[in-house]
Amino acid sequence: MVTDETGIRPSLEESIRLGQRLEDILLEETRAIESREPDRLQAAVQRKQELLRALETETRKQQQWIEARGAEFTPEGVARLFARLEGGEHLNDRWQALRATIERCNELNQGNARLIERNQRRVQMSMQILRGEDSGPATTYDPYGKARHRRTTGQTITRA
């Protein structure tokens, strides 16, 4: 059995710590988006980028350590390597914890991207209304509750 040499353990722990901090920042980013606070959002984005750089550095260290031991830097390759190592079960548990943290971060980041996109569409629609641009057929309802499409005329709100 190959020994761990404690080479990857500190890097895994650091990555988990950074991932948890990233999770917190992504939640802060969500709150800033929802409350429409651009300064708060910008600060969160900057901290997020710093954490991502640090995580990338740790990931490169882990990849080098794993590949130096003849394993592929894939989930399967890492699992096979850890199975051969003394203390590998603990390393595998930490690896899985890291992967779960990164997955949660990815989901939060995608959710934030959707929030921003939705807010951008809302602002864009508001601007079109203010400029009096025709945004396509408007759906209204007749007295019987049936949908009726009509074209709106382009008058800006400032001319109304």
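Everything that follows concerns the structure shown earlier in this document.
Everything numeric here is computed off the predicted structure, so don't read it as measured data. (Residues numbered from 1 in each chain as written. Predicted model: local features only at pLDDT ≥ 70, side-chain atom pairs only at ≥ 80, totals over all residues. Heavy atoms only, no water.)

A.B. asks: Can you walk me through the overall build of the chain in this structure?
C.D. replies: For the chain, the helix and strand inventory stands at four helices and two strands. N-terminal to C-terminal, the α/β element order of the chain is α-α-α-α-β-β. Every one of the 160 residues in the chain was classed for burial, and the buried ones make up 28%. Within the chain, contacts between residues separated by at least 24 positions form 58% of all contacts whose residues are at least 6 apart in sequence. In the structure as shown, the chain presents an accessible area of about 10,800 Å², 51% of it carried by carbon and sulfur atoms. (Helix = DSSP H or I, 4+ residues; strand = E, 2+ residues; numbered from the N terminus. Buried < 20%, exposed > 50% of the residue type's maximum accessible area, 1.4 Å probe, protein only. Contact = heavy atoms within 4.5 Å. Areas by Shrake-Rupley, 256 points an atom, 1.4 Å probe, with all protein chains shown as cover.)

A.B. asks: How should I be thinking about the packing of helix α1 (residues 9-34) against helix α2 (residues 38-68) in this particular structure?
C.D. replies: Think of two packed helices as two axes; the pair is described by the angle between the axes and how far apart they sit. Viewed as axis vectors pointing N to C, α1 and α2 meet at an angle of 160°, and their least axial separation amounts to 9 Å. By the angle between their directions, the pair α1 and α2 is classed as roughly antiparallel. Remark: the crossing between α1 and α2 carries left-handed chirality. In the contact of α1 with α2, the residues fall into 14 nonpolar, four polar and ten charged. (Axes fitted to C-alpha atoms, helices over the stretch in contact; angles between N-to-C directions. Parallel < 35°, antiparallel > 145°, perpendicular 65-115°, else oblique. Left-handed = near helix turned anticlockwise from the far one by under 90°. Nonpolar A, V, L, I, M, F, W, Y, C, P; charged D, E, K, R; others polar.)

A.B. asks: In this structure, what is going on with the layout of surface pockets? I would like to understand it.
C.D. replies: For the largest pocket, the calculated volume is near 430 Å³. Considering the residues around the largest pocket, the lining is formed by 20 residues, among which Leu-55, Thr-59, Leu-98, Ile-102 and Glu-103 are closest to the centre. A per-element tally of the lining of the largest pocket places helix α4 (residues 88-131) first, with eight residues. (1 Å grid on protein atoms, 1.4 Å probe; cavity = no way out; pocket = protein on both sides within 12 Å on 5 of 7 lines; lining within 4 Å. Points joined across faces, edges and corners; volume = space filled by probe spheres on them.)

A.B. asks: It is not clear to me how helix α3 (residues 75-84) should be interpreted in this structure. Could you clarify?
C.D. replies: Two residues of an α-helix separated by three or four positions point the same way, owing to the 3.6 residues in each turn. Restricting attention to buried positions, one finds in α3 the residues Gly-77, Val-78, Leu-81 and Phe-82. In a view along the axis of α3, the buried residues occupy a sector of 130°, so they form one face of it. Buried positions along α3 lie against α1, α2 and α4. (Arc of directions from axis to C-beta.)

A.B. asks: What should I look at first to understand the nonpolar core in this one?
C.D. replies: Within the largest apolar cluster, 13 residues are counted, with the highest numbers of intra-cluster contacts made by Ile-8, Leu-12, Trp-65, Ile-66, Leu-81 and Phe-82. Elements with a minimum of two residues in this core: α1, α2, α3 and α4. Leu-18, Leu-26, Leu-51 and Cys-105 belong to the second largest nonpolar core, which has eight residues in total. (Core = buried A, V, L, I, M, F, W, Y, C linked by side-chain atoms within 4.5 Å.)

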